[in-house]
Amino acid sequence: MPELGKKSVSAFSKKPKTAEAAVGSSALFEAETERAGLKLRWQKAGSDIAASDKYVLTSDGTRHTLTVREVRPDDQGQYAVIAGSSKVKFELKVKEAASEAVSGDPIGLFVTRPQDGEVTVGDSITFSAQVAGASLLKPPMVKWFKGKWMDLSGKVGKNLQLHDSYDRASKVYLFELHISEVQAAHAGGYRCEVSTKDKFDSCNFNLTVHEAIGPADLDLRSAFRRPSLPGSVRRTSTDGYDDGGSLDFSSLLKKRDPKLEAPAEEDVWEILRTAPPSEYERIAFQHGVTDLRGMLKRLKGIKKEEKKSMAFVKKLEPAYQVNKGQKIRLVVELSDPDAEVKWLKNGQEIHMSGSRYIFESAGSKRMLTISQCSLADDAAYQCVVNGGKCSTELFVKEPPVLITRALEDQMVTVGQRIEFECEVSEEGAPVKWLKDGVELTREETFKYRFKKDGRKHHLIINEATLEDSGHYAIRTSGGQALAELIVQEKTLEVYQNIADLTVGARDQAVFKCEVSDENVRGVWLKNGRELVPDSRVKVSHIGRVHKLTIDDVTPADEADYSFVPEGFACNLSAKLHFMEVKIDFVPRQEPPKIHLDCPGRTPDTIVVVAGNKLRLDVPISGDPAPNVIWQKAAQGSKGLGETPDASSDTSDSNEWVFERKLLCDTEGRVRVETHKDRSIFTVEGAEKEDEGVYIVTVKNPVGEDQVNITVKVIDVPDPPAAPRISNVGEDSCSVHWQPPDYDGGQPILGYILERKKKKSYRWMRLNFDLLRELSHEAKRMIEGVVYEMRVYAVNAIGMSRPSPASQPFMPIGPPSEPTHLGIEDVSDSTVSLKWRPPERVGAGGLDGYSVEYCREGSSEWVSALQGLTDCTSLLVKELPTGARLLFRVRAHNLAGPGAPATTKEPITVQEILERPRLRLPRHLRQTVQRKVGEPVNILIPFQGKPRPQVTWSKEGQPLAGNDVSIRNSPTDTILFIRAARRDHSGTYQVAVQIENMEDKAILVLQIVDKPSPPQEVRVTETWGFNVALEWKPPQDDGNTELWGYMVQKADKKTMEWFTVLEHYRQTHCVVSELVMGNNYYFRVFSQNMVGASEKAATTKEPVFIPKIGLTYQPPTYKKLEYSEAPSFTQPLVNRSVIAGYNAVLCCAVRGSPKPKISWFKNGLNLGENARFRMFSKQGVLTLEIRKPCPFDAGAYVCRAINAQGEAQCECRLEVRVPQ
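My aim in this report is to walk through the structure given alongside it, one point at a time. (Residues numbered from 1 in each chain as written. Predicted model: local features only at pLDDT ≥ 70, side-chain atom pairs only at ≥ 80, totals over all residues. Heavy atoms only, no water.)

## Describing the pairing of strand S82 (residues 1042–1051)
Thinking step 1. Most of S82 is tucked away, with nine of its 10 residues classed as buried.
Thinking step 2. Note: S82 against strand S85 (residues 1079–1088), nine bridges, orientation antiparallel. Looking at the pairing, Lys1049 lines up with Phe1082 of S85.
Thinking step 3. When S82 meets strand S83 (residues 1057–1064), the two strands line up antiparallel, connected through five bridges. Counted as the bridge partner of Ala1050 is Trp1057 from S83.
Thinking step 4. The antiparallel pairing of S82 with S83 creates a hairpin that spans five residues between the two strands, and Met1055 there sits at a positive phi of about 55 degrees. (Buried < 20%, exposed > 50% of the residue type's maximum accessible area, 1.4 Å probe, protein only. Helix = DSSP H or I, 4+ residues; strand = E, 2+ residues; numbered from the N terminus. Pairing = 2+ DSSP bridges.)

Written out as structure tokens, the structure reads:
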């Protein structure tokens, strides 16, 4: 601080300024001194700079330069130049290479990022961001946020607007955030996010809002600055800017006797900055400061600037955002390249830990890189260096969890185990399971079991019940998947029943059946008793097939055999017939004979299931042994009894005719074996081609015998054709199909229908009971999901293969009716309709709307437009005048039209006469003022039907001239002047008229300009430090009221003008506090609402202020007593706290001098107890008890003592232990 009574004068007339230079270029700093020949010293970071190849120093009279060649990053920092006692500081900033700049912004969507801004309450501010669009196929998505998550797109209104534009020449998108009439609540951190299809970038910036500055607070220091006296030394600030004089508060004092007033020699501003707050009132009273509150606000801001750390050139952004799994780099720039830094996370120092945290140093830059960011990295970070620190917040954004494999529909029976499986995009992601929209919680684990396996999630129901049917969904942060579960009653179907068998001695008998459930077990019964397996009787169960095999059949095996499934009221039975061969003695030369139960020419039918083995044992006799011939009669044969020709007599006895061909196969699928007493015909795996009439002929020389055997092969039906889908609704459809071409030889018992989602592989059965009809209505489908259908045919043998899938289809319901249908306007031939979209649109979307009308009492609706319209309003034209019509609107989608919305009452097509009326806005009811050259755009709305006629006039005369244009629309009229002139001022009248009805409005337009300068400025008197001036008002006041005059003075030596008076109303004034021995010029400007006059009236000759001897009489002040005994303004209050949580006791005390504070508990001084912390700030006393226990309960006393006395207050503390 300079000594009292002295003023400092800068030695520089031109000071060097802060400059920027790119790496490798040169930087030039220039300074000029008041006098030639002064020796200057240049410094960098407090060290003198000597001339070298790096630094070039030149001096030429009063001009001095410093050139820094080949600038490098380490040249960045603070420089200074010293001349005598004057020192000016400046900075050199080095621009980084383009590659380094990009490294801090790896994505780089921004061309220009929003910058921090400062604004005063009530003003407006605009933040802009530019995004490169050359490589983008679609416009980028930009979002503005305040704070962490507040989206500003939902806050758009009068005070906040979002704008965007695109420059085709530069291919750059411009996005703007405009805030008007800024309030204090708008201050804080903001974030701008820009995203494209595969890129994302964000930028953080701050808005600082200052309180509105009153007229008395503008440039407080300059308002109190006194011009320097000749010969005094001017003080130079440490920031490189001069203060032209000291602060003088004499203008704030009340008027006193001029003999007692004397200029203050003390710097009151510096006294306030160094004084404690308790001395502020005394200093203000002593120095006559009346606006102490305004000074303290300004002082608070200056103190904050003094505390601002100079350790950082570039600090951290207020906040950063990064996606989970990506990396982020935090960069700061230091003023000292050799300083050591510490990085803190939530107050804890970060240490090197593998590749997770990477610390880098590049010149004066310090970088912290966090790789593979997780949610644990979402925290507050600080960079600390040499006592200075800067902070930021890192927000880790978790990407949405997507469903990569959806759930599939399932159909089960009661008691079965159900497992839904879904796969998501992230391992271990949280999911929610829901049933019919209700979340399944852990409280229901006795019923449901949740399982996680990496990215797969399972929902398991061990035993299904009928109540478990419904729609199950899995929900993640990125979507949900839905599936349907159908639980049916447990039933058992018999696909193949056991059949009666007739076998001979020592043959094999096989009973086989097939059921629908492969897990069903059962028992075999013989004549009602359980059959015990042994070496001859074997029982097998493979899948759905159950077999009973009896080897070496004996007569005792002839019985009724049954299969009883366990758990079902079902019994499958068949009979085993033992065929006994009777041999009678016959004499020689016995004719051949076939011994069957039903011999003769009538065919005997034998039924065999396709795929089973067919064995026909035909007993024969004859002596000599006859030849056996097997024939199969094809359709169209001449007769069943025909015998082969003579050539067959010479063939072996094993000859076989099949499809009119003699076969001699004894091996293969179809074979014939002939023994002495029998002939065996065997077909392995019977097929449809094997059915027909088989002729067995036996011959010997004595004679022949012949028997016809009919074999019928039955099978499952052929698959039906692909079903057809019709009448598709919101959750249902109709399915139609045709019977199969071949029914398998058995009547069709019914059909089974299945469906599946198109992208799924699991078919779900829709019916357990067979469908008798050839159509079915399928229900309980999900709207918007693509399905396919297929059908099975079922006969007594079993179920056919599935039919081909139907054409894919999607259940879609029509939309609901439009809402809020209303009439907006009616004329003689048109009606304007307006409505809102339907409440339910459905998965089919919305194709458009159809509009129809009909006459009252008629049912014939006429379309009002061709096709559909996407708008929610329509002007129906060419309507008959006077007709009463009803209107209706339908919404359409893929499912067709929805329900109509119809007007409640018929509408008469006739224009309603409405009286014309002008709706003059409130701001136009007063005088409208515009400046010269500004555009004038006045809009006045009106109403009336039919459309009124609008006329404008000025001063009773119609408007004329090309510079004033009138624009009319059906609802308003506009008066437009591109560039206003003074002659446009006047009274304007607008009138609207319909027939003989009229309405008028008057508005006054005033075009204002700057006034002309005052006239005849002259000096009327000079005395001491004072000069009396007088002038005349200007000839032209600018067409508005004069606000006053601005008086300025200038020293003849410097001719620098200083304002003495502003907005001064009188035409004469006295200019005081002039410097003796100087010559002064004076000039006066006129002022109005537009501004000051372009020219000023100036005194022609300078005015000299002669020197006069003065004797300074220092003022005498009465010593004031500020001492005060301590007193508690806020006493302690009783508290009840919970054990284990820190407790705080607070009170407030005042007293002068500052009292000594002591704390007591139950009479014991707590000053030495480490468990208690005591604070005192601005008279507020705080006692902090760390994690109190029940022992800390009791009476606490705070005692304050100073020289004037003492005071104390007490309270009781109760410590409760949580139960």
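Moving on from the model shown.
## So, the pattern of salt bridges
Thinking step 1. Enumeration according to the criterion identifies 48 salt bridges in this entry.
Thinking step 2. In this structure, Glu484 and Arg780 form a salt bridge, with 3.3 Å as the shortest nitrogen-oxygen distance. One end of the pair, Glu484, is in strand S36 (residues 479–488); the other, Arg780, is in the loop between strand S60 (775–778) and strand S61 (787–794), and 296 residues separate them in sequence.
Thinking step 3. Among the residues examined, Glu484 registers a relative accessible area of 1% and is labelled buried. (Salt bridge = Lys/Arg side-chain N within 4 Å of Asp/Glu carboxyl O.)

## A word on the pairing of strand S78 (residues 986–994)
In regular strands, side chains alternate between the two faces of the sheet.
Thinking step 1. In terms of strand pairing, strand S74 (residues 949–954) meets S78 through six bridges, oriented antiparallel. Looking at the pairing, Lys954 lines up with Tyr988 of S78.
Thinking step 2. Bridge count for S78 against strand S79 (residues 997–1008) is nine bridges, and the pairing is antiparallel. If you follow Val990 over to S79, its bridge partner there is Ala1001.
Thinking step 3. Here S78 folds back onto S79, and the loop between the two strands holds two residues, one of which, Glu995, carries a positive phi near 55 degrees.

## Description of the side chain of Arg191
Thinking step 1. Tracing the backbone through its elements, the reader meets Arg191 in strand S17 (residues 188–195).
Thinking step 2. Reaching out from Arg191, the side chain makes a polar contact with the side chain of Glu193 at a distance of 3.0 Å. (Polar contact = N/O pair within 3.5 Å; in protein donor to acceptor, adjacent residues only side chain to side chain.)

## Regarding the sheet that holds strand S58 (residues 750–757)
Thinking step 1. Overall, antiparallel pairing links the three strands, which are arranged S59-S58-S61 in an open sheet. Strands at the two margins of the open sheet, each flanked by one partner only, are strand S59 (764–765) and S61.
Thinking step 2. As defined by bridge partners, S58 adjoins S61 across eight bridges and the pair is classed as antiparallel. Within the sheet, the bridge partner assigned to Gly750 lies in S61 and is Val794.

## Concerning unusual backbone geometry
Thinking step 1. In the segment running from Asp623 into Pro624, the intervening peptide bond is cis, with an omega of 0 degrees.
Thinking step 2. Residue Ser1152 is joined to Pro1153 through a cis peptide bond whose omega torsion reads 0 degrees.
Thinking step 3. Structurally, Pro1153 is set in the loop between strand S90 (1143–1152) and strand S91 (1156–1161).
Thinking step 4. One non-glycine residue, Gln372, lies in the positive phi region at around 50 degrees.
Thinking step 5. Its location among the elements puts Gln372 in the loop between strand S25 (365–370) and strand S26 (379–385).
Thinking step 6. We note that His820 has phi near 55 degrees; this positive angle belongs to a residue other than glycine.
Thinking step 7. Residue classification places His820 among the exposed positions, given a relative accessible area of 60%.

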